[in-house]
Amino acid sequence: MKVILLTDVKDIGKKDDICNVSDGYARNFLFPRKWAMEANDNAIRVIERKREAERKREAENRAAAEEIAAKLKNKVVVLKAKCGEKGRLYGSVTGQEVADAIKAGYDIEFDKRKVEIKEPVRQLGDYEVTVRVYPNINAKMILRVKNIQED
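None of these values were measured; they are calculated from a predicted model. Residue indices follow the written sequence of each chain, beginning from 1 at its first position. The predicted origin of the model limits local features to residues at a pLDDT of at least 70 and limits the giving and counting of side-chain atom pairs to 80 or more, whereas totals for whole chains, interfaces and linings rest on all residues. The basis for every side-chain value is the complete set of non-hydrogen atoms in the structure, without hydrogens or water.

So, the sheet that holds strand E9 (residues 137-147)
Which entries qualify depends on this criterion: We treat two strands as partners when DSSP finds at least two bridges between them. Secondary structure elements follow DSSP: runs of H or I no shorter than four residues count as helices, runs of E no shorter than two count as strands, and numbering proceeds from the N terminus. Only the stretch in contact is used when fitting a helix axis, every axis being a line fitted to C-alpha atoms; angles between N-to-C directions are given from 0 to 180 degrees.
Across the sheet, four strands lie side by side as E4-E9-E8-E6; this open sheet has mixed pairing. Each of the sheet's edge strands pairs with one partner strand only, and the pair in question is strand E4 (76-81) and strand E6 (115-117). Adjacent strand axes in the sheet meet at a mean angle of 35° when their direction is disregarded. Relative to E9, strand E8 (residues 125-134) is paired through nine bridges, and the arrangement is antiparallel.

Given below as structure tokens:
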């Protein structure tokens with residue numbers, strides 16, 4: 001029997017998948033728990049429209065993310081921090097500080113967990129920072145750490 005899964009079912013499939021299962025399994029297990037419904041022509045058309053809308057939404061989100069990544073690629077983010085002699089910072093630069101600097105400079109908001117700093121930033125200078133804009137879409141930026149007393 002063909003069924004459309006309404007939730008993820010272990011060893012069968014994910015939500016909105018169309019699967020073939022035995023009649024007894026469907027009637028005695030899946031249907032009473034409301035985990036599946038029978039796959040008639042109308043239900044299959046609804047699922048296909050839903051999938052198409054999801055693919056379209058995904059493509060729009062990906063295009064917007066690529067546009068943001070292109071806008072940020074190889075840009076410089078300037079961050080001012082207190083430092084002692086020889087350019088050593090008091091503390092280190094965090095992802096939150098970088099995210100705030102991107103928001104201030106380019107008016108694009110990121111979560112601090114989306115900002116990847118390869119090594120801890122504890123000195124003045126330039127560092128490479130990667131911002132995860134979308135899954136598999138990253139923008140490499142340059143973080144320039146300056147002394148707060150400099151102009």
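Next comes the rest of the account.
Comments concerning helix H2 (residues 41-72)
The following threshold applies: How far a helix is expected to stretch is found by multiplying one less than its residue total by 1.5 Å. Should any heavy atoms of two residues lie within 4.5 Å, those residues are counted as being in contact.
Helix length check: H2 (32 residues) gives 47 Å between terminal C-alpha atoms against 46 Å at 1.5 Å per residue, within 8%. On its buried face, H2 sits against strand E1 (2-5), strand E3 (36-38), helix H3 (95-106), E8 and E9.

Observations regarding the packing of aromatic side chains
Heads up, the condition is: For Phe, Tyr and Trp, where Trp contributes only its six-membered ring, two rings pair if their centres lie within 6.5 Å, and the inter-plane angle classes them as stacked under 30 degrees, edge-to-face over 60, or tilted in between. A simple rule labels every residue: compare its accessible area, found with a 1.4 Å probe on the protein chains alone, to the largest value its type can have, and call it buried under 20%, exposed over 50%, or partly exposed in between. By the criterion adopted, a ring carries a charge over it if an Arg CZ or a Lys NZ lies within 6 Å of its centre and within 35 degrees of its normal.
Counted by the stated rule, this structure contains two aromatic pairs. Aromatic side chains Tyr25 and Phe29 sit 5.2 Å apart centroid to centroid with 20° between the ring planes, which places their arrangement in the stacked category. Taken as a pair, Tyr25 and Phe29 lie in helix H1 (residues 23-30) at a separation of four residues, close to a single helical turn. On the basis of relative accessibility, which here comes to 26%, the residue Phe29 falls in the partly exposed class. Summarising the aromatic geometry, the rings of Phe29 and Trp35 are spaced 5.3 Å apart at their centres and angled 85° between planes, so their arrangement reads as edge-to-face. Through successive ring pairs, a cluster of aromatic residues spans Tyr25, Phe29 and Trp35. For Arg33, the ring lying beneath its charged end belongs to Trp35, and the centroid distance is 5.8 Å.

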